[in-house]
Amino acid sequence: MPPNPGDSRALAYVIARQPATWFALAFIIAIWSGIALLWTLERRAFESEMQRAASNVAKIYAQGASRKLGDIDRILKFMRMAWQDSLRGESLAALVREDFAVDEDAVQVAVIGADGYIAATNLSQSSPSPVFLGDREHFRWHVDNPADELFISRPLVGRVSGKPSIQLTRKFTDADGRLAGVAVVSLDPARLSGADFCAFTRAESCGYALIGLDRVVRAASGALQGVTDIPVRPPAKDRALVYVSAPVEGFPLYAVAAMGVADADAGWSHARTACLLAGLLITALAAFVGGRFALKQDRYERHIIFNAEHDALTMLGNRASLQRVLRDIQNDRRAGDYALHLMDLDGFKAVNDTYGHPVGDKLLRQVGDRLRESARDSVLMARLGSDEVEIGRAHV
């Protein structure tokens, strides 16, 4: 019977030399390449979903901020128009308390005189002396800028209200076009952040902010509270957040929304785990099937080779194996001298004729077994004819 493949070579070599092994390896590589591609596509899909959600939040926030700032700007324009229509004779104290000057989100409505002191406010002042605001940026901007534009200040703490606020201002001018004052509406940044626009998203880490072209945050909520370095023109991405922005129509501001990168990671982790488990299962199955097929193929090949070089009855070598061994010995310079012993079984024909071929075959098998036991140091034992056996020995 054919020898065990593991007796003459390493199992790894037996498996590696079979085409089935390389086919299985190519199949496994293709599977994991497909899984890697699927991971990439799934990751991009979840990140795109995060960006779409952030884009929706930014657009909704920008629309809400535009409406709110538009309402405040109309208040400032009405204040200026009322003061100008009354030939600049209307009491400033009365002007800041007009119905059109009232806004529920405003911290303060005031007018700063041309000298930089508060001329009127809807809040009661703790100090009897006027409060000087001539050094504030929302006043200095109108002094230095001749354009009639709405100015939106950086967040600051009001000197009269004592509360954090951003200042929305427009200038008053006299008949000669000179600065006569500045109308101010102080707005609470928290009220400008509006409703919870992240509520309809699936992201646990979500935030939005209102940013000027100077990159200064005017208002922020959620994950962007306290964040100072926010890109003005996303889309952009850092290690933690994905940013998307939308312009606030009519104002020099951008609404920026951010979604957590970790949310995208969590979103596709289930798909990633499923792909990983499927890949491992397919890999194990392919390795098992490929290995078994390779071992089976190796045993089949070795069995064919064994049968081609051995006598099927006695399991001794045949004439082909004898010729191969003799050729190898002749080509091996280190082999030295060798000897061939020719044997003939006397009376074998009589056994066959008397007891039949089955008994003769059994006799030949016993002869083969005894020769293998008694001539273990032989290079080769071969059956050449029905009762002829040759034994080759090297190094004699």
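These figures come from a predicted structure and were not determined experimentally.

Calculation criteria
Residues numbered from 1 in each chain as written. Predicted model: local features only at pLDDT ≥ 70, side-chain atom pairs only at ≥ 80, totals over all residues. Heavy atoms only, no water. Helix = DSSP H or I, 4+ residues; strand = E, 2+ residues; numbered from the N terminus. Buried < 20%, exposed > 50% of the residue type's maximum accessible area, 1.4 Å probe, protein only. Contact = heavy atoms within 4.5 Å. Areas by Shrake-Rupley, 256 points an atom, 1.4 Å probe, with all protein chains shown as cover. Patch = residues over 30% accessible without salt bridge, like charges linked within 9 Å, V, L, I, M, F, W, Y side chains within 5 Å. Salt bridge = Lys/Arg side-chain N within 4 Å of Asp/Glu carboxyl O. Phe/Tyr/Trp six-rings, centres within 6.5 Å; stacked < 30°, edge-to-face > 60°. Arc of directions from axis to C-beta. 1 Å grid on protein atoms, 1.4 Å probe; cavity = no way out; pocket = protein on both sides within 12 Å on 5 of 7 lines; lining within 4 Å. Points joined across faces, edges and corners; volume = space filled by probe spheres on them. Axes fitted to C-alpha atoms, helices over the stretch in contact; angles between N-to-C directions. Parallel < 35°, antiparallel > 145°, perpendicular 65-115°, else oblique. Nonpolar A, V, L, I, M, F, W, Y, C, P; charged D, E, K, R; others polar. Pairing = 2+ DSSP bridges.

A.B. asks: Would you explain the overall build of the protein chain in this entry?
C.D. replies: Within the protein chain, the secondary structure is distributed over 10 helices and 14 strands. For the protein chain, the residues scored as buried account for 41% of the 396 residues in total. Put simply, 56% of the contacts in the protein chain that link residues at least 6 apart link residues at least 24 apart. A total accessible area of about 22300 Å² is found for the protein chain, and carbon and sulfur atoms account for 56% of it.

A.B. asks: Looking at this structure, how should I read a nonpolar patch on the surface?
C.D. replies: On the surface, a cluster of nonpolar side chains totalling about 330 Å² of accessible area is made up of Trp22, Leu25 and Ile29. Of note, Ile29 is situated in helix 3 (residues 19–85).

A.B. asks: I'm lost on the packing of aromatic side chains in this one. Help?
C.D. replies: The geometry of an aromatic ring pair comes down to the distance between the two centres and the angle between the two planes. Under the definition given, this model contains 3 aromatic pairs. Ring geometry for Trp141 against Phe151: centres 5.2 Å apart, planes inclined by 25°, an arrangement best described as stacked. Here the residue Trp141 occupies a position in helix 5 (residues 137–144), and Phe151 occupies one in strand 3 (residues 151–152), the gap between them amounting to 10 residues.

A.B. asks: Sorry, what's going on with helix 5 here?
C.D. replies: Every α-helical turn comprises 3.6 residues, leaving residues that sit three or four positions apart pointing alike. If you check which residues of helix 5 are buried, you get His138, Phe139 and His142. Viewed along the axis of helix 5, the buried residues span an arc of 105°, placing them on a single side of the element. Looking at the buried residues of helix 5, the elements they touch are strand 1 (106–113), strand 3, strand 4 (156–157), strand 5 (164–173) and strand 6 (179–187).

A.B. asks: Whenever I open this one, empty space enclosed by the protein confuses me. Can you help?
C.D. replies: Any space left empty among the atoms is revealed by the rolling of a water-sized probe across them. Here the structure, examined in full by the defined rule, presents 2 cavities of 30 Å³ or more. Here the largest cavity is characterised by a volume of approximately 100 Å³. Lining the largest cavity are 16 residues, and of these Gln108, Leu133, His138, Gln167 and Ser186 sit closest to its centre. Looking at the lining of the largest cavity, the elements with two or more residues in it are strand 1, strand 5 and strand 6.

A.B. asks: What is the right way to look at the packing of helix 9 (residues 348–355) against helix 10 (residues 357–374) in this model?
C.D. replies: For any two helices packed against each other, one specifies the crossing angle of their axes together with the interaxial distance. Here helix 9 crosses helix 10 at 140°, and the two axes come no closer than 6 Å. Put simply, helix 9 runs oblique to helix 10. Note on element contacts: helix 10 touches helix 9 through His357, Val359, Gly360, Leu363 and Leu364, opposite Phe348, Val351, Asn352 and Tyr355. Here the contact of helix 9 with helix 10 is built from residues that sort into 6 nonpolar, 3 polar and no charged.

A.B. asks: I tried to follow unusual backbone geometry on my own but got confused; where do I start?
C.D. replies: If a residue is not glycine, its phi is most likely negative; likewise, a peptide bond is most likely trans. Despite not being glycine, Arg215 has its phi angle at roughly 70°, a positive value. Checked against the element boundaries, Arg215 lands in the loop between strand 7 (206–212) and strand 8 (217–222). Phi is positive for Met315, which is not a glycine, with a value near 65°. As for its position among the elements, Met315 is in the loop between helix 7 (261–309) and helix 8 (319–331).

A.B. asks: Looking at this structure, I do not really get the side chain of Ser165. What am I missing?
C.D. replies: One can find Ser165 in strand 5. Relative accessible area serves as the criterion here: at 1%, Ser165 is assigned to the buried category. The residues contacting Ser165, other than those within four sequence positions of it, are Val107, Arg154, Pro155, Leu156, Gly158, Ser186, Leu187 and Pro189.

A.B. asks: How do you make sense of the pairing of strand 6 when you look at a structure like this?
C.D. replies: Regular strands place their side chains on alternate faces of the sheet. Extensive coverage of strand 6 is indicated by the burial of 7 of its 9 residues. Here strand 1 runs beside strand 6; their pairing, made up of 7 bridges, is antiparallel. Looking at strand 6, one finds that Gly113 is bridged to Gly181. Strand direction decides the pairing type here: strand 5 and strand 6, joined by 8 bridges, are antiparallel. Directly across from Thr173, in strand 6, lies its bridge partner Leu179.

A.B. asks: Explain the pairing of strand 1 here, please?
C.D. replies: The buried fraction of strand 1 amounts to 8 of the 8 residues, a majority that puts the element mostly inside the structure. As defined by bridge partners, strand 1 adjoins strand 2 (residues 118–121) across 3 bridges and the pair is classed as antiparallel. For Ala110, the partnering residue across the bridge sits in strand 2 and is Thr121. What sits between the antiparallel neighbours strand 1 and strand 2 is a turn of 4 residues, in which Gly116 has the positive phi angle 90°.

A.B. asks: Help me out: how do you make sense of the pattern of salt bridges in this one?
C.D. replies: Pairing is possible between side chains of opposite charge, provided their charged atoms come close. Under the defined criterion, the tally for this structure stands at 14 salt bridges. In this structure, Asp73 engages Lys77 in a salt bridge whose closest nitrogen and oxygen atoms are separated by 3.7 Å. In this pair, Asp73 and Lys77 both sit in helix 3, 4 residues apart, roughly one turn of the helix. One salt bridge in this structure joins Asp353 and Lys349, with 2.9 Å as the shortest N-O distance. Note that Asp353 and Lys349 are positioned in helix 9 at a spacing of 4 residues, about one turn of the helix. Grouping residues by exposure puts Asp353 and Lys349 together as exposed. One continuous salt-bridge network, built from bridges that share partners, spans Asp73, Lys77, Arg80, Asp148 and Arg170.

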